[in-house]
Amino acid sequence: MDQNVFDDPRITAVGLLVEAHAGLSARFAAQLEEHGLSAVEFEVLTRLARSPGRQLRMTDLAAQTSLSTSGVTRVVDRMERDGLIRRRACPSDRRSSYAVVTAAGLARLDEILPGHLRIIEQWFTGQLEPAALAALLDGLRRVRDAVHPGATAGSTSTAPTDEATAAGC
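This is a predicted model, so every value here is computed, not measured.

Caption draft 1: Up close: the confidence of the model for the protein chain. With 90% of its residues at a pLDDT of 70 or more, the protein chain has an overall mean of 89. Across the protein chain, helix α5 (residues 103–123) holds the top mean pLDDT of 97, while helix α7 (residues 162–168) sits lowest at 43. Low pLDDT, under 50, characterises residues 158–168; the stretch is placed with 18 contacts to residues that sit more than four places away or in other chains.

See the structure below:
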């Protein structure tokens, strides 16, 4: 095998991405553990809080988190028992329901976010000049959209109102 293949910048790019992700994930996990949340639970809370109406259809939540529908159901069950989110049924379509962040879930995020943002600033965004960060964000969005096209499912439409829900979710 040609030794130069290991010097390929594509291998370097993926390797650096994996190493950066692993390092950040370890720092996030330690901080989230202090608050009694897993990384998946934090992601669910954050995605719901950032979505229109602070809610997502369960299928969209599964698509955004790359969890299976049964995996999302298990996480939502656990978080619902803890009072962090609740389900809202769609009265016109029994197959569809929404996960909605609760006041307790938002309060938990308020506790976590200052420390989380400090970690992001110290170990990620603070390492880059503004132009480099903007270019990185653009590149990451392009890659994300290519490899995970469902990553923003349900996040750009307006949240259903009670009237819209009655009309068909």
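Caption draft 2: View of the packing of aromatic side chains. For the structure shown, the criterion picks out 0 aromatic pairs. Across from the ring centre of Trp-123, 3.9 Å away, lies the NZ or CZ of Arg-27, which sits over that ring. Of note, Arg-88 hangs over the ring of Tyr-98, and the distance from its end group to the ring centre comes to 4.4 Å.

Caption draft 3: View of α5. Here α5 spans 30 Å end to end across 21 residues, near enough to the 30 Å set by a 1.5 Å rise per residue. When the local axis directions of α5 are compared, the greatest deviation, roughly 40 degrees, occurs at Ile-112, which is followed within four positions by the proline Pro-114. Taken as a whole, α5 has its buried residues at Gly-105, Leu-109, Ile-112, Gly-115, His-116 and Ile-119. Where α5 is buried, its residues meet α1 (9–34), α2 (39–49) and β3 (97–101).

Caption draft 4: Region of interest: the side chain of Asp-60. Tracing the sequence through the fold places Asp-60 in helix α3 (residues 58–65). Classification of Asp-60 by relative accessible area gives buried; the value is 11%. Look past the residues within four positions of Asp-60 in its chain and what remains in contact with it is Ala-153 and Gly-154.

Caption draft 5: Looking closely at the packing of α2 against α3. At a minimum axis separation of 11 Å, α2 and α3 run at an interaxial angle of 120 degrees. Judged by the angle between their axes, α2 and α3 are oblique. When the axes of α2 and α3 are compared, the crossing they make is right-handed. Contacts between α2 and α3 involve Glu-43, Val-44 and Arg-47 from the first element and Leu-61, Gln-64 and Thr-65 from the second. Residue composition of the contact of α2 with α3, grouped by class: 2 nonpolar, 2 polar and 2 charged.

Caption draft 6: The pattern of salt bridges, seen in detail. Applying the stated criterion across every chain, the model contains 8 salt bridges. A salt bridge links Arg-57 to Asp-60; the nearest nitrogen and oxygen atoms lie 3.1 Å apart. With relative accessibility at 31%, the residue Arg-57 sits in the partly exposed group. The partner of Arg-87 in a salt bridge is Glu-80, with the nearest N and O atoms 2.6 Å apart. Arg-87 gets classed as partly exposed once you look at its relative accessible area, which sits at 27%. Given the relative accessible area of 31%, Glu-80 is considered partly exposed.

Cut-offs and rules
Residues numbered from 1 in each chain as written. Predicted model: local features only at pLDDT ≥ 70, side-chain atom pairs only at ≥ 80, totals over all residues. Heavy atoms only, no water. pLDDT = per-residue confidence, 0-100. Helix = DSSP H or I, 4+ residues; strand = E, 2+ residues; numbered from the N terminus. Contact = heavy atoms within 4.5 Å. Phe/Tyr/Trp six-rings, centres within 6.5 Å; stacked < 30°, edge-to-face > 60°. Lys NZ or Arg CZ within 6 Å of the ring centre and 35° of its normal. Expected span 1.5 Å × (residues − 1). Bend = angle between axes of the 7 residues up to and from the residue. Buried < 20%, exposed > 50% of the residue type's maximum accessible area, 1.4 Å probe, protein only. Axes fitted to C-alpha atoms, helices over the stretch in contact; angles between N-to-C directions. Parallel < 35°, antiparallel > 145°, perpendicular 65-115°, else oblique. Left-handed = near helix turned anticlockwise from the far one by under 90°. Nonpolar A, V, L, I, M, F, W, Y, C, P; charged D, E, K, R; others polar. Salt bridge = Lys/Arg side-chain N within 4 Å of Asp/Glu carboxyl O.

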